[in-house]
Amino acid sequence: MITLALSKGRIFDETLPLLKAAGIEVLEDPDTSRKLILPTNQPGVRVVLVRATDVPTYVEYGGADLGVTGKDTLIEHGGQGLYQPLDLKIAACRMSVAVRADFDYASAVRQGSRLKVATKYTAIAREFFASKGVHVDLIKLYGSMELAPLTGLADAIVDLVSTGNTLKANHLVEVERIMDISSRLVVNQAALKLKQAGIRPIIDAFANAIQKEPSTS
Ligand code: PRP
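Asks: What's the story with the packing of aromatic side chains in this structure? I'm lost.
Replies: The geometry of an aromatic ring pair comes down to the distance between the two centres and the angle between the two planes. One pass over the structure, following the stated rule, counts one aromatic pair. Arranged with centres 5.2 Å apart and planes meeting at 70°, the rings of Phe 128 and Phe 129 form a pair that is edge-to-face. Residue classification places Phe 128 among the buried positions, given a relative accessible area of 13%. For Phe 129, a relative accessible area of 0% gives the class buried.

Rendered as structure tokens:
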């Protein structure tokens, strides 16, 4: 049995066409089913639904043989023990710094002030501000980061931006783009050796599908 870990939402939806290219069709809709293990048209392949941040952990420890996870999640996890053969170019967005429209970020950075930064992505934020030589106090949050500058909890946030609508709706502006983000295929290294015959064709089919459709991002 080959087990693929996916998270509900964009990653699940945008992985479906790649699975189809590999001849795999998920037989239940995660939006209507409450099952966490979804069968596919191939008796030897199943999908498990996990929280996005848990995908690397499932694959690292062999709870799943392979998975699809954002570059953001992968960096925060550390990526240890994971074979990362493909950038799938799906669920594309960017990691950015945002502040209140009335906050003078450029001056704060120039003057060497200590910035209070709220984020779910502490590893990425720490590395980014360290590389700029900016001193920061990091405040770990688990969601709704846009609230932090509005309530005085932080001067800035580091968060994912896709359309920019969430920032706009909360009167925040993007002041720095840290990196482009897309989803990666990750594979358990032991599974890759032990289940070559099942896993290789999936990796190859995904790779072919991406080449045919390079601009999904
Ligand atoms: C992300 C991110 C922003 C939003 C940005 O949240 O945290 O809140 O998307 O998208 P936009 O630029 O298109 O408005 P997501 O929906 O992934 O959920 P999360 O809050 O759990 O991270």
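Asks: Even after reading the chapter, I still don't get the site of the ligand, so can you show me in this structure?
Replies: Neighbouring the ligand are Lys 120, Glu 146, Asp 159, Leu 160, Val 161, Ser 162, Thr 163, Gly 164, Asn 165 and Thr 166. Between the ligand and Ser 162 there is a distance of 2.8 Å, counted from an oxygen atom to a backbone nitrogen or oxygen. Calculation on the ligand without its partners gives an accessible area of 500 Å², and the protein chains cover 60% of this total. Counting only elements with at least two residues in the shell around the ligand, the list comes to strand E9 (156–161) and helix H7 (165–169). At three residues, the largest contribution of residues to the shell around the ligand is made by E9. Broken down by class, the residue content of the shell around the ligand amounts to two nonpolar, five polar and three charged.

Asks: Which parts of the structure should I look at to understand the side chain of Ser 183?
Replies: With respect to the helices, strands and loops of the structure, Ser 183 is situated in strand E11 (residues 183–188). The class for Ser 183 is buried, based on a relative accessible area of 1%. Leaving out residues up to four positions away in the same chain, Ser 183 has contacts with Ile 11, Val 68, Thr 69, Gly 70, Leu 86, Asp 87, Leu 88, Lys 89, Ile 90 and Ala 91.

Asks: Honestly, the packing of helix H1 (residues 10–21) against helix H9 (residues 196–212) in this entry has me stumped. Any pointers?
Replies: A pair of packed helices can be characterised by two numbers: the angle between their axes and the separation between those axes. At a closest axis distance of 8 Å, the pairing of H1 and H9 adopts a crossing angle of 115°. When the interaxial angle is binned, H1 and H9 end up roughly perpendicular. For the pair H1 and H9, the crossing hand works out as right-handed. The segment H1 lies against H9, with Thr 15, Leu 18, Leu 19 and Ala 21 engaging Ala 205, Phe 206, Ala 209 and Ile 210. Its residues assigned to classes, the contact of H1 with H9 shows seven nonpolar, one polar and no charged.

Asks: Even after reading the chapter, I still don't get the pattern of salt bridges, so can you show me in this structure?
Replies: Where charged atoms from two side chains of opposite charge come close, those side chains can pair. Tallied over the entire structure, the rule returns nine salt bridges. Residue Asp 137 is joined to Arg 114 by a salt bridge in which the shortest nitrogen-to-oxygen separation is 3.0 Å. Of this pair, Asp 137 sits in strand E8 (residues 136–140) while Arg 114 sits in the loop between helix H4 (105–110) and strand E7 (115–119), and the two are 23 residues apart along the sequence. Overall, the relative accessible area of 33% leaves Asp 137 in the partly exposed class.

Calculation criteria
- Residues numbered from 1 in each chain as written.
- Predicted model: local features only at pLDDT ≥ 70, side-chain atom pairs only at ≥ 80, totals over all residues.
- Heavy atoms only, no water.
- Phe/Tyr/Trp six-rings, centres within 6.5 Å; stacked < 30°, edge-to-face > 60°.
- Buried < 20%, exposed > 50% of the residue type's maximum accessible area, 1.4 Å probe, protein only.
- Near = heavy atom within 4 Å.
- Polar contact = N/O pair within 3.5 Å; in protein donor to acceptor, adjacent residues only side chain to side chain.
- Areas by Shrake-Rupley, 256 points an atom, 1.4 Å probe, with all protein chains shown as cover.
- Helix = DSSP H or I, 4+ residues; strand = E, 2+ residues; numbered from the N terminus.
- Nonpolar A, V, L, I, M, F, W, Y, C, P; charged D, E, K, R; others polar.
- Contact = heavy atoms within 4.5 Å.
- Axes fitted to C-alpha atoms, helices over the stretch in contact; angles between N-to-C directions.
- Parallel < 35°, antiparallel > 145°, perpendicular 65-115°, else oblique.
- Left-handed = near helix turned anticlockwise from the far one by under 90°.
- Salt bridge = Lys/Arg side-chain N within 4 Å of Asp/Glu carboxyl O.

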